[in-house]
Amino acid sequence: LTLSMPTLTYREGVVAVEAAVVRTSDGRAEFLTADDSVVHLDLHTALDLSGRPRLVDGRVFVRTTAAAWMDVDTPLGRVHLMPSGAYSLMVDAARSRLLLSVAVGSARLDTSYGVTTVPARAMTMVTGTTAIPFVTPFDPTRWDPFELWSDSRALQLAHGAASPWTPAQLARLGRRQ
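From a predicted model like this one, the values you see are computed outputs, not experimental measurements. (Residues numbered from 1 in each chain as written. Predicted model: local features only at pLDDT ≥ 70, side-chain atom pairs only at ≥ 80, totals over all residues. Heavy atoms only, no water.)

Colleague: It is not clear to me how the environment of Val62 should be interpreted in this structure. Could you clarify?
Modeller: In this fold, Val62 is placed in strand β8 (residues 54-63). Leaving out residues up to four positions away in the same chain, Val62 has contacts with Val38, Val39, Met70, Leu81, Gly85, Ala86 and Tyr87. (Helix = DSSP H or I, 4+ residues; strand = E, 2+ residues; numbered from the N terminus. Contact = heavy atoms within 4.5 Å.)

Colleague: Just to check I follow, could you spell out the packing of aromatic side chains for this structure?
Modeller: How two aromatic rings sit relative to each other is set out by the distance from centre to centre and by the angle between their planes. Scanning the entire structure with this criterion turns up 1 aromatic pair. Consider the rings of Phe146 and Trp149, whose centres lie 6.1 Å apart with planes at 20 degrees: the pair is stacked. One end of the pair is Phe146 and the other is Trp149, both in helix α1 (residues 145-160) and 3 residues apart, which spans about a single turn. On the basis of relative accessibility, which here comes to 1%, the residue Phe146 falls in the buried class. One residue, Arg108, lies across the ring of Trp69, its end atom 5.4 Å from the ring centre. (Phe/Tyr/Trp six-rings, centres within 6.5 Å; stacked < 30°, edge-to-face > 60°. Buried < 20%, exposed > 50% of the residue type's maximum accessible area, 1.4 Å probe, protein only. Lys NZ or Arg CZ within 6 Å of the ring centre and 35° of its normal.)

Colleague: It is not clear to me how the confidence of the model for the protein chain should be interpreted in this structure. Could you clarify?
Modeller: When pLDDT drops low, the exact placement of atoms in the prediction is not to be read closely. Within the protein chain, residue pLDDT values average 81, and 77% of them lie at 70 or more. A low-confidence stretch, residues 173-177 (pLDDT under 50), is modelled with 19 contacts involving residues beyond four sequence positions or located in other chains. (pLDDT = per-residue confidence, 0-100.)

Colleague: Mind showing me how you'd approach the pattern of salt bridges here?
Modeller: It is possible for side chains bearing opposite charge to pair when their charged atoms get close. Across all of its chains, the model carries 9 salt bridges by this definition. Two residues, Asp139 and Arg121, come together in a salt bridge whose shortest N-O distance is 3.9 Å. Here the residue Asp139 occupies a position in the loop between β16 (134-137) and α1, and Arg121 occupies one in the loop between β14 (114-118) and β15 (122-127), the gap between them amounting to 18 residues. Taking relative accessible area as the criterion, Arg121 reaches 42% and is therefore assigned partly exposed. Taken together, the shared-partner salt bridges connect Arg28, Asp42, Arg59 and Asp144 into one network. (Salt bridge = Lys/Arg side-chain N within 4 Å of Asp/Glu carboxyl O.)

Structure follows, in structure tokens:
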């Protein structure tokens, strides 16, 4: 984990980072936003937190609380994540690609093409800055190691600390313990 220009504050073992670029290489990272939304970074991910979150490269999984929308900028457009949702965003900067998957909730994707709404259990991919995003069905029960790790962390938060997720919300993700 690499922090560029960090300002760190600590709260019960949690590091809060302001005005930083968080980069993971061989590990993953987790942090809570000011409204207690949970953000997980996969291996080889760069997330700029110096203003509105900007996913530079790599993959994040975001679980938003009921408090507010969360906006995430990417090289291909801005993603608006609805409250009380579960979202996966992946940016492949080298190939100019963005993949947005919505397990729970709804998202809006603003690109040079226009605005695209992505409902729950759907995904879209954008390749290049002028590509048209197509929304297709998505089954959130298909997991890879990052999604399994993210889910296990969400369950640990739900059982070990105050969590923005109720058991019913976790069950809607279609995930098993």
